[in-house]
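# Remarks on the overall topology
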2 protein chains.
Amino acid sequence: MAQPDPPLLLGVDPGLANTGWAVVDGRLQVVASGTIRTNPGPPVPRLVHLLAELRKVLATYPVQEAALEELFLGRNASSAIGVAQARGAVLAALGEAGLEVHEYKPNHVKSVITGYGMAGKTQMGRMLGLQLADLSGRDHHAVDAVAIAICHARTRRVTKATHGLAARPAP
Amino acid sequence: MAQPDPPLLLGVDPGLANTGWAVVDGRLQVVASGTIRTNPGPPVPRLVHLLAELRKVLATYPVQEAALEELFLGRNASSAIGVAQARGAVLAALGEAGLEVHEYKPNHVKSVITGYGMAGKTQMGRMLGLQLADLSGRDHHAVDAVAIAICHARTRRVTKATHGLAARPAP
């Protein structure tokens, strides 16, 4: 499969019940996005279904890099086990598929999208809607995945530009 | 590969740094056990290495069922994220390999091995050592995996015997 340059990037917002995903291209346009859902029940069939659907996304879009938010344990620590287990399965599958995986702190993602690290869901959605194509029809898992994908696209552009400058010979 | 009857059973004690595993047969003998280690660093290469080693175990021993302890969040919740992520990757890999996966509460495992649900590590090790072949040379991750595998072997024997009785026609 031909690799576009700059490459396609994948954002993932993993969960046991709902995993948002979004593919963005080098012009920061959303190529595709969606939410993988699993039915309530024991974790193993849910994780197997989640990975099967994620691998379909990887087979359809030749993404080279992926990004996820770092996981912090909130007050509801027992539901965090499910999220962390889904996240571990997703990280392993992305690694096995040969993708470079990046993790960002939630307030970095908010800063990059809105300019404010403490931004709420509404501000995030509004800023993404202003900057991007129509977000309607996407649930909040897919929108979160769009945010992390765009965050990675912008961050890597800055990082690559900075590395480029650093690599220049001194005058 | 010929499937032994009763089948080989796998016990797993997952972790990001150390994952214990043990294969037991129908006579509750330990066929093999070990600990998969990963080097400190970002989680993705560690999870990929863990699954590669786990798949070697599955390729070597035709296990049909696997058992793990249920995960509870202790005081150190942030280290629990790493364990939960490793556990999610392991559960998904076992499910994708077609294994039936069972989860047991820690106090059930302790009860089955020692007769006492609040048993400590030392009591567990002593009882396993009395009941089984020599445990020397195994670290505590592998010993924990032996315990969960033996617990599953005994529990499934009771369950199958009970189902057998229940399935008998009433006199």
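What you see is a predicted model; the values in this text were computed from it and never measured. (Residues numbered from 1 in each chain as written. Chains lettered and ligands numbered in written order. Predicted model: local features only at pLDDT ≥ 70, side-chain atom pairs only at ≥ 80, totals over all residues.)

### Considering the interface of chain B and chain A
With 23 residues of chain B at the contact, the number on the chain A side is 23 residues. Sorting the residues of the side of chain B that touches chain A by element identifies α1 (43-60) and α2 (77-96) of chain B as the ones contributing at least two each. When residues of the side of chain B that touches chain A are assigned to their parent elements, the largest contribution, 14 residues, is made by α2 of chain B. Of the residues in the side of chain B that touches chain A, the class split is 17 nonpolar, four polar and two charged. (Contact = placed C-beta atoms within 7 Å. Helix = DSSP H or I, 4+ residues; strand = E, 2+ residues; numbered from the N terminus. Nonpolar A, V, L, I, M, F, W, Y, C, P; charged D, E, K, R; others polar.)

### A look at the relation of the copies chain B and chain A
For the pair chain B and chain A, the relating rotation is 180°, the translation along its axis is 0.0 Å, and the fit reaches an RMSD of 0.0 Å. These values place the two chain copies in the arrangement generated by a two-fold rotation axis. Ranked by how close their C-alpha atoms come to the rotation axis, the residues of chain B are headed by A89 of chain B, at 2.0 Å. Interface overlap between copies is the fraction of interface residues in one copy that are interface residues in the other; for chain B against chain A it reaches 100%, indicating a shared surface. (Least-squares fit on C-alpha atoms with pLDDT ≥ 70 in both.)

### Thoughts on α1 of chain B
Spanning 18 residues, α1 of chain B covers 26 Å between terminal C-alpha atoms, matching the ideal 26 Å at 1.5 Å per step. Within the span of α1 of chain B, buried status applies to P43, V44, R46, L47, V48, L50, L51 and L54 of chain B. (Expected span 1.5 Å × (residues − 1). Buried ≥ 20, exposed ≤ 12 C-beta atoms within 10 Å, placed from the backbone.)

### Quick word on the packing of helix α3 (residues 106-114) of chain B against helix α4 (residues 121-131) of chain B
Residue and element names in this part refer to chain B. Contact geometry of α3 with α4 gives a least axis separation of 9 Å together with a crossing angle of 40°. By the angle between their axes, α3 is oblique relative to α4. Like other packed secondary-structure pairs, α3 and α4 cross with a definite hand, here left-handed. Residues K110, I113 and T114 of α3 form the contact with α4, whose own contacting residues are Q123, M124, M127 and L128. Tallied by class, residues from the contact of α3 with α4 come to four nonpolar, two polar and one charged. (Axes fitted to C-alpha atoms, helices over the stretch in contact; angles between N-to-C directions. Parallel < 35°, antiparallel > 145°, perpendicular 65-115°, else oblique. Left-handed = near helix turned anticlockwise from the far one by under 90°.)

### Notes on the sheet that holds strand β3 (residues 30-37) of chain A
Residues and elements named next belong to chain A. Across the sheet, which stays open at both edges, the five strands sit in the order β3-β2-β1-β4-β5 with mixed pairing between neighbours. Each edge of the open sheet is held by one strand with a lone partner, namely β3 and β5 (100-104). Looking at each pair of strands side by side, their axes are set apart by 20° on average, direction ignored. Taken strand by strand, helix α1 (residues 43-60) contacts β2 (18-24), β3 and β4 (63-69), and its axis lies near 170° from that of β3. (Pairing = 2+ DSSP bridges.)

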